[in-house]
Amino acid sequence: MKKEGAILNSSRFYRALSTPAALLLTLLFLAPLAIILSKAFIAEEGGVTLNRLKGLFSDPYTYRILGFTLMQALLSTLVSLLLALPGAYLLANYKFRGRGVVKALTTIPFILPSILVVLGFVIFYGSSGLINTLLGKMGVGPIRILYTFGAIIMAHAFYNFPIALGLIATYWENLSPLYTQVSATLGAKRGKSFRTITLPRLMPAILSASTLIFLFCFTSFVILLVLGGGPRFTTLEVEIYRRAKMSLDLGGAAALSLLSIAVALLFVALHLAFQRRMSHQEEAPKMVYKRAPAPLMKLFIFLYSLLALIFVLGPLLSIIYRSFRAPFTRSGELVFSLRWYRELFNNPLIIRSLITSLAIAAIVTVGSLLVATPLAARLRYRGKALELYAMLPMAVSSVIIGFGYYLISTLFKRGPSLSFLLVVLAHIVIASPFVLRTLLPEYRKIAFSYTEVSLTLGATVGQTFRKVELPLLRGAIATAGAFAFAISIGEFNATLILGDINTTTVPIVMYRLINSYNFAGACALGTILMLLCFFIFFIVETLKRRSNG
Amino acid sequence: MAKNHLVCSNVRVKYPEFLLTLDLSVEQGDLITLIGPSGCGKSTTLQLISGLIPCDSGQIILNGKDITNLPVWKRNIGLVFQEYALFPHLNVERNIDYALRLKHLTKKERRAKTAQLLSLVNLEGYGKRKVDQLSGGERQRIALARALAAEPEVLLLDEPLSALDEKLRKWLREEIRRIQQETGITMVYVTHDQEEALTISDKVVVMRDGQIEQYGTPEEVYSSPATLFVANFMGLGTLLPTTLLPSVLRSFEEYEEPSESHLFFRPEDVILHSDPSLPFPEYLPHLRFKGARVVNSEYQGGRYLLECEWEGYTIYGYSATKIGGDNLTLGVKVQDLNYFEVK
């Protein structure tokens, strides 16, 4: 009868707390968009013009890159799904050794900077990489993987199949087995039950994961920039970057940005619709004992886990391996060496980039938590409209955010502190939706009765927020902060477009090292970046375990 | 002399499909229970009194002071939730002294008070335990202690025992009654269990569809229900049309025809005879149903509940022994009858 949390609606505390945060985030998000809009519609000589959009839509080149962007995203999504579905089936239905390892795999892409994926691919699949070395030993000639269309799809699948695996397996696990049991008692064979019962019920999760992956691949940037390696594989985001920073066609870049946002919005809407269907199907928790696999299935599980492990960890481990290998003599044989690390730490520019990255990431972590926590507090009991609004940034890629802030920077006289500030703000805009999405479900798990009982014990709404809600959220806040840190320290797209010499972060330096074929140096720096990302999560998980135990 | 402690006058709250109207006064130190079917507004009533939902109109007065527009945390009204809502991030002691810390009591005062409350609820030494290590009954008592720590003027309890099994429930309701009488605190207790309401209350409020049907002592609501709804809700009984009266009434006195259409009596009020030739041992006016047939006999431990058929009507009665057959005579004293108009 009573609307949950009705009491909070009548309190001014959360409104006072969240309004500044909402306004700030809106401003940070809308300012770059506004300036992109104005660039797209305002002629150089002043006055509104539609010529840029007209030019864009009458140019067959636009359709070619739009077509290619959609096609590669679709293909990447399909490949990711195909890789993920068998794994989801195994995780959801069987109990086996190494299950935890496969599950842990699914968390990797969320915290892995994209530049590391690119580097890992170059090292693992390159002409002198592990794959080709193995093939060479078997007498099969080096095959060209890098700089092909296949490499792009593979890299996207690497990045995204664990997302699909995680989402679908979790949903599958929580489906009640009741209906397949009923179907079996009604005489349906296993395959029939799967097609008529399980698959339709899994569909919302599959579609939700697909649209999310499609969105990620649609706006993917650095993978295409490096692994695509040419104008043949140009997507919208790459073209925006090219026009903004190379041909200095800012108006054209702005018009393309609008196109990209419009298409992405469509997929965000689809994703949210599927996600809503997912939450409608939530079922009561139950105890289901997973089966122990039969011998043939055991073999399949072993092969799948092994291949998944190689596919995901191969590129990452080769980065670490390669970073410790250097030629012993001038002529050649590679042996264990700390040479690349010595070189890194003797290079003041690289030390500076490490400091810059850490400083930016620290500020972004604090900033996005300060913005997202009050928003989560209000969204906990407020309607869907605000929440939808908070998801809008998903439709605007980090390339476009970076481009918008780049346009803003052209309005001012650029100095070191302004560049730094703009990069920090862009990172906060990019990280905040992720932080919010980590916090909000946890906030909603806090029963309103905790809040209400605190009020009846004499605590004000503010005291309740501090003494009950924040302590209960501690773990979620730590995890969300770790995400913000990892996102910021690995952020490449916006930083590349927006940044200058004052904001050279670790991923930017890695990009330059890759471009100048200093792969070993890139690997050493990449190893440090990887360790930083994993380290922050390790700390958070350890702290959480300690406070729980 | 007891005085009105908590008064709700003309309190109304309206939802799209539900209207709650409340006129109620509770005396100092009383334990009253709110009972009714689910959706009747019992819990909403507690939420209103505690301030967790605002009233659309009317007044809530506590100790002569109007608290209608006071925020929850200033009302000094405690609430024990159905699911207890013990803070999971705090241990037992910290849960109990939550309110004490808000009042900035010193550590020594807090310790003494917490120990005293733990002993009140018979859980000495539980202070350092985590809340997830407690059983359901222990949680319930800690929730009670936590609410009492704030020293509320009135304590509201929202179905505090509904999550527990029957045996524990019976014991804990006695505990709650004992604590209420030891502390002298005014309690408003929501339940859906008739037996619970009848055993522990000073007064019972029977609610239906957002309205109070009857407010009275347990004896009143059970034996003299104000409406047929209260009669049926508070226990089993037999409903018969008053048109039967002339044929079954045995009285030496003048008989006045009642204006209501039906009469109602409880199974306890039915006197059984298996030998119809024996006279009834008393000379009070009563109804006599001859030639009743036992349709069903249900053993309830210590007594049998008989479902008898008499001229097409069903009459319920209790018997200490197992009785069967189809020539039973049933008697009901006129003073035990309740009359209702049934459309």
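What you see is a predicted model, and the numbers here were worked out from it, not measured in a lab.

Caption draft 1: Inspection of helix α11 (residues 190-218) of chain A at higher detail. For α11(A), built from 29 residues, the straight-helix expectation of 42 Å at 1.5 Å per residue is missed by more than 12%, its first-to-last C-alpha distance being only 37 Å. Of all the bends in α11(A), the greatest, near 45°, is centred on L199(A), and the proline P200(A) appears no more than four residues after it.

Caption draft 2: Just the pairing of strand β1 (residues 4-15) of chain B, in detail. All names here are of chain B. In this sheet, strand β2 (residues 18-27) lies alongside β1 in antiparallel orientation, the contact comprising 9 bridges. The residue bridging L6 from the neighbouring strand is V26, located in β2. Taking the residues that link successive antiparallel strands as the turn, the β1-β2 hairpin has 2 residues. Alignment of β1 against strand β4 (residues 57-62), held across 5 bridges, turns out to be antiparallel. From the neighbouring strand, L6 faces β4, where its bridge partner is L62.

Caption draft 3: Here's a closer look at the domain arrangement of chain A. Residue and element names in this part refer to chain A. By domain assignment, chain A separates into domain 1 (1-35 + 340-549) and domain 2 (49-177 + 203-282). Each of domain 1 and domain 2 has a C-alpha centre, and these two points are 22 Å apart. Tallying the contact residues gives 35 residues for domain 1 and 34 residues for domain 2. Taken as a group, M394, A395 and F403 account for 17% of the area that domain 1 buries against domain 2, more than any other trio of residues on that side. Viewed at the interface, domain 2 and domain 1 are joined by 0 salt bridges. The tally of links from domain 1 across to domain 2 stands at 2 residue pairs in polar contact (both at pLDDT 80 or more).

Caption draft 4: Layout of the sheet that holds strand β19 (residues 338-340) of chain B. Residue and element names in this part refer to chain B. Read from one edge of the open sheet, 3 strands run β11-β13-β19, paired in antiparallel fashion. Strands at the two margins of the open sheet, each flanked by one partner only, are β11 (238-241) and β19. The average angle at which neighbouring strand axes cross in this sheet is 30°, direction not considered. Two elements, strand β13 (residues 262-265) and β19, share 3 bridges in a ladder whose sense is antiparallel. The residue bridging L263 from the neighbouring strand is Y339, located in β19.

Caption draft 5: Spotlight on the sheet that holds β1(B). Residue and element names in this part refer to chain B. Ordered by their spatial adjacency, 4 strands build an open sheet running β2-β1-β4-β5, and the pairing between neighbours is antiparallel. The open sheet has two edge strands, β2 and β5 (65-66), and neither has a second partner. The sheet contacts of helix α1 (residues 42-50) involve β1, β2 and β4, and relative to β1 the element is tilted by about 115°.

Caption draft 6: Here's a closer look at the interface of chain B and chain A. Listed per partner, the contact involves 28 residues of chain B and 24 residues of chain A. Together chain B and chain A conceal approximately 2300 Å² of surface at their shared face, both sides included; 72% is due to carbon and sulfur atoms. Among the residues of chain B in contact with chain A, W73(B), H89(B) and Y98(B) are the three that bury the most area, contributing 28% of the side total. Here chain B and chain A share 3 residue pairs in polar contact (both at pLDDT 80 or more) between them. Contributions of two or more residues to the side of chain B that touches chain A are made by α1, α2 (72-75), β6 (77-80), α4 (98-102) and α6 (136-149) of chain B. Class assignment of the residues belonging to the side of chain B that touches chain A gives a composition of 18 nonpolar, 7 polar and 3 charged.

Caption draft 7: A look at the nonpolar core. Ranked by internal contacts, the top residues of the largest apolar core, which has 227 residues, are L119(A), I168(A), F403(A), Y405(A) and F492(A). Per-element tally for this core: the top contributor is helix α20 (residues 416-445) of chain A, with 15 residues. Among all residues touching L119(A), those that are not within four sequence positions of it are I319(A), M510(A), I514(A), F519(A), A522(A) and C523(A). Formed by 33 residues, the second largest nonpolar core is a distinct cluster that contains V92(B), L117(B), Y126(B) and A149(B).

Caption draft 8: Region of interest: the environment of H89(B). Position of H89(B) among the secondary structure elements: in the loop between β6 and α3 (92-96). Between the C-alpha atom of H89(B) and that of D132(B), which follows or precedes it by 43 residues, the distance is 9.8 Å. Setting aside residues up to four positions removed in sequence, H89(B) forms contacts with K467(A), V468(A), P471(A) and L472(A).

Caption draft 9: View of the pairing of β4(B). Residue and element names in this part refer to chain B. Of the pairings in the sheet, the one linking β4 to β5 comprises 2 bridges and is antiparallel in character. Within β5, the position partnered with I61 by the bridge is D66. Hairpin geometry of β4 and β5 is characterised by an intervening segment of 2 residues between the two adjacent antiparallel strands and by a positive phi of about 55° at N63.

Caption draft 10: Looking closely at the domain arrangement of chain B. Residues and elements named next belong to chain B. Taken as a whole, chain B is organised into domain 1 (4-234) and domain 2 (238-340). Contact residues are listed per partner, giving 12 residues for domain 1 and 6 residues for domain 2. Between domain 1 and domain 2, a total of about 640 Å² is buried, with carbon and sulfur atoms accounting for 55% of that surface. It is Y222, L228 and A231 in domain 1 that bury the most area against domain 2; as a group they hold 67% of the surface buried on that side. Elements with a contribution of two residues or more to the side of domain 1 that touches domain 2: α9 (218-223) and α10 (228-234). Examining the composition of the side of domain 1 that touches domain 2, we find that 5 residues originate from one element, α10, more than from any other. Looking at the side of domain 1 that touches domain 2 residue by residue, the classes come out as 8 nonpolar, 4 polar and no charged.

Caption draft 11: Summary view of the packing of helix α16 (residues 339-346) of chain A against helix α17 (residues 348-379) of chain A. Residues and elements named next belong to chain A. With their axes 5 Å apart at the nearest point, α16 and α17 run at an angle of 80° to one another. Between α16 and α17, the angle is such that the two are roughly perpendicular. For the pair α16 and α17, contact is made by L344, F345 and N346 and by P348, I350, I351 and L354, respectively. Partitioned by chemical class, the residues of the contact of α16 with α17 number 6 nonpolar, 1 polar and no charged.

Caption draft 12: Region of interest: the environment of T542(A). Residue and element names in this part refer to chain A. In this fold, T542 is placed in helix α25 (residues 519-548). Among the residues examined, T542 registers a relative accessible area of 29% and is labelled partly exposed. Among the polar contacts listed, one links the side chain of T542 to the backbone oxygen of F538, at a separation of 2.5 Å.

Caption draft 13: Focus on the pattern of salt bridges. A full pass over the atoms with the stated rule returns 25 salt bridges over all chains. Across the salt bridge formed by R380(A) and E469(A), the nearest N and O atoms sit 3.0 Å from each other. With R380(A) in the loop between α17 and α18 (384-391) and E469(A) in helix α22 (residues 461-490), this pair connects stretches of sequence that are 89 residues apart. Residues R380(A) and E469(A) agree in their burial class; the two are buried. One salt bridge in this structure joins E151(B) and K113(B), with 2.4 Å as the shortest N-O distance.

Caption draft 14: Local environment of the packing of helix α5 (residues 107-120) of chain B against α6(B). Residue and element names in this part refer to chain B. Between α5 and α6, the shortest axis-to-axis distance is 9 Å and the interhelical angle comes to 135°. In terms of their interaxial angle, α5 and α6 are classed as oblique. Here α5 runs over α6; the crossing is right-handed. On α6, the residues touching K113, L117, L118 and L120 of α5 are I142, A145, L148 and A149. Here the residues of the contact of α5 with α6 are counted per class, giving 7 nonpolar, no polar and 1 charged.

Caption draft 15: Inspection of the environment of L369(A) at higher detail. Residues and elements named next belong to chain A. Examined against the element boundaries, L369 turns out to sit in helix α17. Judged by its relative accessible area of 17%, L369 is buried. Counting along the chain gives 173 residues from L369 to T542, while the straight-line C-alpha distance between them is 20 Å. Those residues in contact with L369 that lie beyond four places of it in its chain are P374, V435, I477, A480 and G481.

Caption draft 16: Structural context of a nonpolar patch on the surface. A contiguous nonpolar patch, built from L296(A), L299(A), F302(A), L303(A), L306(A), L307(A) and I310(A) and spanning about 720 Å² of accessible area, is present on the exposed surface. Looking at the secondary structure, you find F302(A) in helix α15 (residues 295-323).

Caption draft 17: Layout of the packing of aromatic side chains. All names here are of chain A. Counting across every chain of the model gives 31 aromatic pairs over all chains. Taking the centre distance of 5.9 Å and the plane angle of 40° together, the rings of F161 and F311 count as tilted. Of the two residues, F161 sits in helix α9 (residues 149-173) while F311 sits in helix α15, which places them 150 residues apart along the sequence. F311 matches F161 in its accessibility class, with the two residues each being buried. Clustering of aromatic rings is evident, with ring pairs tying together F121, F124, Y125, F158, F161 and F311.

Rules used in this analysis
- Residues numbered from 1 in each chain as written.
- Chains lettered and ligands numbered in written order.
- Predicted model: local features only at pLDDT ≥ 70, side-chain atom pairs only at ≥ 80, totals over all residues.
- Heavy atoms only, no water.
- Helix = DSSP H or I, 4+ residues; strand = E, 2+ residues; numbered from the N terminus.
- Expected span 1.5 Å × (residues − 1).
- Bend = angle between axes of the 7 residues up to and from the residue.
- Pairing = 2+ DSSP bridges.
- Domains from an automatic or database assignment.
- Contact = heavy atoms within 4.5 Å.
- Buried area = accessible area lost by both parts, 1.4 Å probe.
- Salt bridge = Lys/Arg side-chain N within 4 Å of Asp/Glu carboxyl O.
- Polar contact = N/O pair within 3.5 Å; in protein donor to acceptor, adjacent residues only side chain to side chain.
- Axes fitted to C-alpha atoms, helices over the stretch in contact; angles between N-to-C directions.
- Nonpolar A, V, L, I, M, F, W, Y, C, P; charged D, E, K, R; others polar.
- Core = buried A, V, L, I, M, F, W, Y, C linked by side-chain atoms within 4.5 Å.
- Buried < 20%, exposed > 50% of the residue type's maximum accessible area, 1.4 Å probe, protein only.
- Parallel < 35°, antiparallel > 145°, perpendicular 65-115°, else oblique.
- Left-handed = near helix turned anticlockwise from the far one by under 90°.
- Patch = residues over 30% accessible without salt bridge, like charges linked within 9 Å, V, L, I, M, F, W, Y side chains within 5 Å.
- Areas by Shrake-Rupley, 256 points an atom, 1.4 Å probe, with all protein chains shown as cover.
- Phe/Tyr/Trp six-rings, centres within 6.5 Å; stacked < 30°, edge-to-face > 60°.

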